[in-house]
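Chains, contacts and geometry: an overview
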Amino acid sequence: MSERRIRVMQIILNLRRAGAQEVVRTLTEYLASDNCEPIVCTFEDGPVRGDLERFGIRVEVLGPRRYGILALPWFIADMIHIRRTLVDLVRKYQVDVIQTHLLNMLDFLVLTLRRDTGLPIVLWTVHNVNFLPTGNNWLPKAKRLFYRLLYRSTARKVSGFIAISDEVRESAIRQIGPIQDKIITIPNGVDVRRYNVSAFDKEMFSRQLGITSGVRLIVTVGRLTEQKGHCYLITAAATVVSRYPDAHFLFVGDGELKGALQAQVDDLDVSEHVHFLGVRSDVPDILAVADLFVLASLWEGLSIALLEAMASGKPIVATAVSGTTQVMTHGETGLIIPPGDARALADAISQLLSDPLLGQTMAQAARKHVEIYFSAQKQADEYLALYHFLLQREVRTCLG
């Protein structure tokens, strides 16, 4: 094993621009070295593929799943086809380690590859405290129970679980069972080099959005879903705008709630101050012109967007969800408020808008904290150490 680089295949559901995809993008860039050769495999192409290929990372696109489990005969045929393709790829690249992201049912299919390929290591990554299906009607409840039983019954066969924060680790243990000896926390990291603390041309950027000059820009980055708590931020925005008429809120991302959120903006009569920018590839530039960053999430794993804002040296208001309290200290690197509390959001945003010096002091501390404890290099080093440890243990087991 020491005679060649470790070959690690990262398998992720899609290559859209989102948090887990950014984890894979950054991790593979930093893993690529004399010691490691990463490969990325996905079921749906997306813009992150271009980034990966520019780093020299090999990308394999399998195509999307065609059938769900309710169409059982076709579902089984689909799984057989996917498994056969993955077996071929593992053999083609002589893969040593597979690490999965967001696969759900396909996690269990990947685990079966060990039988036919001699693949020594399979790792499942848990990205969120709510990683099992959510919802209160009978179908998500049944799916949640089904997945929990599957995870519990197969936990002893997987090489290990990786949690992206301590809270995610504790959640996985509660939901799956006694896997303490199988799960390790490796926090997300961010490529600090991409985030420049000096501002770009804010006036030009504002004009591109049709915003008058001399405004203050409050940015949030995340999919437009229930998890991200955007409805509370919009309610808070109405209060903030009444206090600070020069405040403008930029929502970066897209999702199923866009229509509902736009209707809420219209109802609160703040459409001139709230701007939906959609999915963007220039997030570092947007953060560079921001006066303030807000994370309004109701739950998380460890928000990449939060780490990016910290790396950008921006004043931050964030909710006390998984990961936030691990990377931030209230009053030192930003303000932390309860999730789902629009009034607390409005008050915290107003506090930082009224006291720029306080915000900048905390922003500088946040950037230093990320550079030391949550850099992409530190993350990659911890993963590489884990891969080496597990492979050496596998060799000792085979010899013993």
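Now for a description of the structure that goes with this document.

Conventions we followed
Residues numbered from 1 in each chain as written. Predicted model: local features only at pLDDT ≥ 70, side-chain atom pairs only at ≥ 80, totals over all residues. Heavy atoms only, no water. Pairing = 2+ DSSP bridges. Helix = DSSP H or I, 4+ residues; strand = E, 2+ residues; numbered from the N terminus. Axes fitted to C-alpha atoms, helices over the stretch in contact; angles between N-to-C directions. Contact = heavy atoms within 4.5 Å. 1 Å grid on protein atoms, 1.4 Å probe; cavity = no way out; pocket = protein on both sides within 12 Å on 5 of 7 lines; lining within 4 Å. Points joined across faces, edges and corners; volume = space filled by probe spheres on them. Nonpolar A, V, L, I, M, F, W, Y, C, P; charged D, E, K, R; others polar. Buried < 20%, exposed > 50% of the residue type's maximum accessible area, 1.4 Å probe, protein only. Right-handed = clockwise from strand over helix to strand, strands pointing away.

What follows is about the sheet that holds strand S2 (residues 36-42). Taken together, 7 strands build an open sheet; the order of strands is S3-S2-S1-S4-S5-S6-S7 and the sheet is parallel. Looking at strand neighbours, the two that pair on one side only are strand S3 (58-61) and strand S7 (183-185), the edges of this open sheet. Across the sheet, the axes of successive neighbouring strands diverge by a mean angle of 25°, strand direction being ignored. Pairing between strand S4 (residues 97-101) and strand S5 (residues 121-126): 5 bridges, direction parallel. The partner of Thr100 across the bridge, within S5, is Trp124. Relative to strand S1 (residues 6-12), helix H1 (residues 19-31) is tilted by about 170°, and along the sheet it contacts S1, S2 and S4.

Let us now look at the layout of surface pockets. Taken as a whole, the second largest pocket spans an internal volume of roughly 190 Å³. Met79, Ile80, Arg83, Met105, Phe108, Leu109, Thr112, Arg115, Leu150 and Thr154 together form the lining of the second largest pocket. Within the residue set of the lining of the second largest pocket, elements represented by two or more residues are helix H3 (72-93), helix H4 (105-111) and helix H6 (138-154). Counted by class, the lining of the second largest pocket contains 6 nonpolar, 2 polar and 2 charged residues.

Let us look at empty space enclosed by the protein. A water-sized probe rolled over the atoms picks out the places where empty space is left. What the rule picks out here adds up to 1 cavity of 30 Å³ or more. By volume, the largest cavity amounts to about 40 Å³. In this structure, the largest cavity is lined by Pro187, Asn188, Tyr373, Phe374, Ser375, Lys378, Gln379 and Glu382. By residue number, the principal contributor to the lining of the largest cavity is helix H16 (residues 376-399), which donates 3 residues. Partitioning the lining of the largest cavity into residue classes produces 3 nonpolar, 3 polar and 2 charged.

This brings us to the pairing of strand S10 (residues 274-278). Burial of S10 is extensive: 5 of the 5 residues sit out of reach of the surface. The side-chain alternation of S10 yields two buried faces, one formed by Val274, Phe276 and Gly278 and the other by His275 and Leu277. Sheet topology note: the strand S9 (residues 247-252)/S10 ladder contains 4 bridges and is parallel. Directly across from Val252, in S10, lies its bridge partner Gly278. Regarding the hand of the β-α-β motif, the stretch spanning S9, helix H10 (residues 258-267) and S10 is right-handed.

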